[in-house]
Amino acid sequence: MKGNRIFLMVVCSILALALNAGGKQEPAPSTDKAVASGKTEVIRIWSNDAHNRDEYTETIKKFHETIGKDKGIKIEYTVYGGDYYNSLDVAIAAGEEPHMFKSMKTGQYAQTGKIVPISELPGGNKLIEETKKYHFEDIGMFGGVVYAIPIRVTTQNMIYNKELFARLGIEVPVSWNDLREAAKKITRAGGGKIFGFGIPMKYTNYKYYHVAWPAAPSVGTQFFNHKTGKFDFQSLEPFFNLMLQLKADGSLFPGFETLDYDTLRAQFAEGNIGMYFGASFDVGVLYDQFPAKFDWGVAPIPVMDPNRRYKQIGTPGAFYVVSSRVKKEKLEEKVMEVYKLFVSIEHLALTYERGKDIPIRGEEVTKHAGEPKRKQWPMFTDLKNVYVRLAYPESKITVEGDNYTDMFSKILTGMADPKKALADLDKRYNTALQKSIDGGKVNIKLYIDPNYDENVKYIK
Amino acid sequence: MAAPGSGTQDAGQGLRGRILLEGTIHVKRKTTKYSSYTLNNSIQEILMILPMFIGFLLFTAYPIFWALRWAFFEYDGFSTPIFIGVENFIRAFSRDPTFWFTLYNAFLLALAKLVTEMPIAIVLAVLVNNKVKGSSFFRIIFFLPTVFSIAVIGLIFSILFSAYNGIINELLVYFGIVEKNINWFGERWLAMFVVLLVSVWSTFGMVMIYFLMGLQNIPRELYECAQLDGASGIKQFFHITLPMLSPVIQVVFMISMIGTMKMTDLILVMTNGQPGGGTEVVMTYIFKYFFQYGDATVTPSQFGYASSLAIITAIFLSIITFIFLKISTRMKEMY
Amino acid sequence: MVKAKQFLNKSLIYLILLIFTVIALFPVVYIILASFKTNQEIMAGGVHIFPKQWQFQNYIKAWKLANFQKYTYNSAVSPTVKTILKKK
């Protein structure tokens, strides 16, 4: 018995040693040893942008060798995965949040005093002035106060299989009729293996990229009208009819009701889908994540009437906010140096060149950058006909009954009549909106673009 | 005068003897000794239950208290909660037909799963109960599906049942059973069927084990007697096996019913309630009012309303359990 | 006659067990084989059950990413060692 026990002990100790031999496996935060001249402060930054991690690491390294060294600043940049927003909330609740972090709930944090306005930081006003055009309520700005400087914009276009089009002699569609015909042709030639058009309906955030925004170049507004300040779901009716026609033609990739966006892109990369409405981040996906096996192209989204065209929609992204603990720890100056770095023209030009992010300031930044290597990228970065949208007030209203994402699914799966459903949505949403306005929760002026018509006009 | 009994073993006899001679004092002493013995026991019992009880308080009772509280408020997770009394409940009963639909969906699923899974599990348990060679091999095989996480199972089955190129469709077409691919997730009843199938697949092994354990408790002699009397295998099954298994059946029935009504993960992974809300069940519906996932959605959560829905669901489940207990006790008495 | 009936019974039992074995095992085999496929291959689906190229590095990646080392040590070795030490 004793012999057995000793034997087991030996085996377990070997196992224990072997398992611990590998050492720590956590991803090392990008830090370099900054030669301390005076006190070196560590500024902690959190983000969930995995696609441009390399570029940020590069920029931070350069910083450590120059300004960081001089001013005693060390940046600790951590990239989280899918659990980012939960981890962030937990850290904030525990008072352990980082100094700077990418945020989607800016309004919430501002209301509870967890973050500081940019104007209260040294040099902040200058940054605000530089990006004056892009401060929108509920997007980096809250209650008229700027909490985050907008960095990048995500744009949209139609992505199509160039090789397939060439093989079948199809021209790039410009109007909705062209789109229908092209999709029919592809499906017919595909013999059940290749389908003309793909649309994913599984998750709620697809509603922007696949319904609301592709309709915008044709009808001039999204589901919320930034001119009138009211919800206008009925303007989307023609687009729904187009989708339902595509479905009736049989041109839609089967199973779209529960199709995942990743699966759609994987199938496109395999050559099984002719075209779909994609976004700028798809460039990275179709090169790195699901490498396309053929030559693929980018084209403007087809419109209902080619003679009446509006700009396409761009949505601002990547908002870094500064935590209020920075004031308590008196680190304002140092954090601002880092903030300036993240919005610096140099850094933005780098991410642009590598085909990762589109700078919201457009030409101002890109004229300092080199040529992007991925040839589909410039189509997405040309902001000439992109309308960078204001926010929608949906985050401030409470709606009863099905919300519009569920209704969109119901319409597309044939469970609801488009006309009636959209009219009902308008009624319910505008009632809720009015209630919030009356209750003082929403300042509708901040969601209205006074120059809307001018701004959304298509520039030839 | 004899000394009072020394050990508790003596307690009974000593007591009887002394009570007649010595009177109350000895009884009192015996009682004291007895109660100090039980007091020691009680302290030990309480201490042993304490960890679990603390856990229960912290992780079950406390959250339930908060849910009960939020049900009477309007709260979006970060602004100040507004007390609105029974407004949430009025809304649930009068203006939210979708909630009742999802409750009905969940109930249908639970019922269908019971009707499908229990017979399969019982039959397999009987067959695998050393009736043939290699029973233990089969036991392991049937238990394997329970090992995998629901996320993996959901993903893989979505791929297998894919309307575009799923293996299931390919097989059906190849054998000429259907002409072209079935869009499994495109219609409500087809999608519910697939969810049912996957759900049964992932748990029938576990249920079979429960029944196996129940079978072990049936005395062999019953079967031997029946055989002597000339009863066939099938007669034996219905007249011995099933009745003797009824306590196990009762427990499994209840656990399975409640568990399936609370199912969220499988639906979320496979269909997310699509097509068009057709496979939405009560727990995924409530979940969506509590949590908005993804960063593109900024609609505010409705904690208060979600809590009230959760309370209503809990009451509903309790009623079902109660009805079921009443029925099964009566059935037990019949046997 | 009785022997024939017994034989039929046994075959029926085996048949039922076999059917359920296939039902239970097929997805399991698919899952195991899928663990050797690339992301794209899995999502593209199809009838190809076997991976085009066996991606053994999936396992190494998963081990590292999920920090399996630490957790396996924690759950497997640590309690075992402690139990043995206690028995002494």
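Here the structure is a predicted model, which is why all the values come from computation and not from measurement. (Residues numbered from 1 in each chain as written. Chains lettered and ligands numbered in written order. Predicted model: local features only at pLDDT ≥ 70, side-chain atom pairs only at ≥ 80, totals over all residues. Heavy atoms only, no water.)

**Side note on the overall build of chain C**
And step 1. For chain C, the helix and strand inventory stands at four helices and zero strands.
And step 2. Put simply, chain C runs from its N terminus to its C terminus through helices and strands in the order α-α-α-α.
And step 3. Relative to the 2.2 N^0.38 estimate, which gives 12 Å for 88 residues, the radius of gyration of chain C is 23 Å and therefore markedly larger than a compact globule would have.
And step 4. Dimensions of chain C, computed from the C-alpha atoms along their principal axes, are close to 65 × 50 × 15 Å. (Helix = DSSP H or I, 4+ residues; strand = E, 2+ residues; numbered from the N terminus. Rg over C-alpha atoms; globule rule 2.2 N^0.38 Å.)

**Overview of the environment of Asp424 of chain A**
Residues and elements named next belong to chain A.
And step 1. Within the fold, Asp424 resides in helix α19 (residues 418-438).
And step 2. Look at Asp424 and you get partly exposed, because its relative accessible area is 29%.
And step 3. Placed 332 residues apart in sequence, Asp424 and Ile92 show a C-alpha to C-alpha distance of 39 Å. (Buried < 20%, exposed > 50% of the residue type's maximum accessible area, 1.4 Å probe, protein only.)

**Observations concerning the pairing of strand β14 (residues 296-299) of chain A**
Residues and elements named next belong to chain A.
And step 1. Here β14 shows no split at all, with Trp296 and Val298 on one side and Gly297 and Ala299 on the other all buried.
And step 2. In the sheet, strand β9 (residues 156-161) pairs with β14 via four bridges, with the strands oriented antiparallel. Bridged to Ile159 within β14 is Val298. (Pairing = 2+ DSSP bridges.)

**With respect to the interface of chain A and chain B**
Interfaces are often described in size by the accessible area the parts lose on coming together.
And step 1. Listed as interface residues are 36 residues of chain A and, on the opposing side, 28 residues of chain B.
And step 2. Around 2800 Å² of area is buried between chain A and chain B when both sides are counted, 51% of it from carbon and sulfur atoms.
And step 3. Considering only the side of chain A, the residues that lose the most area to chain B are Lys202, Thr258 and Glu400 of chain A, jointly responsible for 18% of the buried surface there.
And step 4. Run the count over chain A and chain B and you get two salt bridges.
And step 5. Here Glu400 of chain A makes a salt bridge to Arg91 of chain B, at a shortest N to O gap of 3.9 Å.
And step 6. Counting every contact that joins chain A to chain B gives six residue pairs in polar contact (both at pLDDT 80 or more).
And step 7. Counting residues per element, the ones that place at least two in the side of chain A that touches chain B are α5 (106-111), α9 (206-219) and α18 (404-412) of chain A. (Contact = heavy atoms within 4.5 Å. Buried area = accessible area lost by both parts, 1.4 Å probe. Salt bridge = Lys/Arg side-chain N within 4 Å of Asp/Glu carboxyl O. Polar contact = N/O pair within 3.5 Å; in protein donor to acceptor, adjacent residues only side chain to side chain.)

**Some thoughts on the confidence of the model for chain A**
And step 1. On average, residues of chain A carry a pLDDT of 87, and 92% of them reach 70 or more.
And step 2. Confidence drops under pLDDT 50 across residues 22-37 of chain A; counting only partners more than four residues distant or on other chains, this segment forms 27 contacts. (pLDDT = per-residue confidence, 0-100.)

**Some details on the packing of aromatic side chains**
And step 1. A complete count under the given rule lists 68 aromatic pairs over all chains for this structure.
And step 2. With a centroid separation of 4.8 Å and 50° between ring planes, the pair formed by Trp46 of chain A and Tyr80 of chain A is classed as tilted. Pair noted here: Trp46 of chain A is in strand β1 (residues 41-47) and Tyr80 of chain A is in the loop between β2 (73-79) and α4 (84-93), with a separation of 34 residues, a long-range link.
And step 3. When its relative accessible area of 22% is taken as the criterion, Tyr80 of chain A is described as partly exposed.
And step 4. Relative to Phe56 of chain B, the ring of Phe53 of chain B lies with its centre 6.4 Å away and its plane at 25°, an arrangement referred to as stacked. Linking Phe53 of chain B with Phe56 of chain B, this pair stays in helix α2 (residues 24-70), spanning three residues, or about one helical turn. (Phe/Tyr/Trp six-rings, centres within 6.5 Å; stacked < 30°, edge-to-face > 60°.)

**Considering the sheet that holds β9 of chain A**
Residue and element names in this part refer to chain A.
And step 1. What the four strands build is an open sheet, ordered β10-β13-β9-β14; its pairing is mixed. Strands with a single pairing partner mark the edges of an open sheet, and in this sheet they are β10 (195-197) and β14. Put simply, the sheet's adjacent strands are angled 25° from each other on average, direction ignored.
And step 2. Two strands pair when backbone bridges link them, and β9 and strand β13 (residues 273-279) are joined in this way by five bridges, in the antiparallel orientation. Counted as the bridge partner of Gln156 is Ala279 from β13. (Axes fitted to C-alpha atoms, helices over the stretch in contact; angles between N-to-C directions.)

**With respect to the side chain of Thr187 of chain A**
Residues and elements named next belong to chain A.
And step 1. Here Thr187 lies in helix α8 (residues 176-190).
And step 2. Among the polar contacts made by the side chain of Thr187, one reaches the main-chain amide nitrogen of Gly196 at a distance of 3.2 Å.
And step 3. Ignoring anything within four residues of it in the chain, the contact list for Thr187 reads Gly192, Ile194, Phe195, Gly196, Gly250 and Ser251.

**Quick look at the nonpolar core**
And step 1. Ranked by internal contacts, the top residues of the largest apolar core, which has 143 residues, are Phe223, Phe233, Met275, Tyr339 and Phe342 of chain A.
And step 2. Per-element tally for this core: the top contributor is α9 of chain A, with eight residues.
And step 3. Look past the residues within four positions of Phe342 of chain A in its chain and what remains in contact with it is Ile45, Tyr56, Ile60, Tyr77, Met100, Ile151, Tyr320, His347 and Leu348 of chain A.
And step 4. Phe89, Ile167, Ile218 and Leu317 of chain B belong to the second largest nonpolar core, which has 79 residues in total. (Core = buried A, V, L, I, M, F, W, Y, C linked by side-chain atoms within 4.5 Å.)

**A short note on the pattern of salt bridges**
Residue and element names in this part refer to chain A.
And step 1. Under the defined criterion, the tally for this structure stands at 31 salt bridges over all chains.
And step 2. When the shortest N-O distance is used, the salt bridge between Asp49 and Lys102 registers 3.4 Å. One end of the pair, Asp49, is in the loop between β1 and α2 (53-65); the other, Lys102, is in strand β3 (residues 100-102), and 53 residues separate them in sequence.
And step 3. Classification of Lys102 by relative accessible area gives buried; the value is 6%.
And step 4. A salt bridge links Lys132 to Glu129; the nearest nitrogen and oxygen atoms lie 3.3 Å apart.
And step 5. Its relative accessible area of 54% is what places Lys132 among the exposed residues.
And step 6. When salt bridges with common partners are traced through the structure, they connect Asp49, Lys102, Arg152 and Asp357 into a single cluster.

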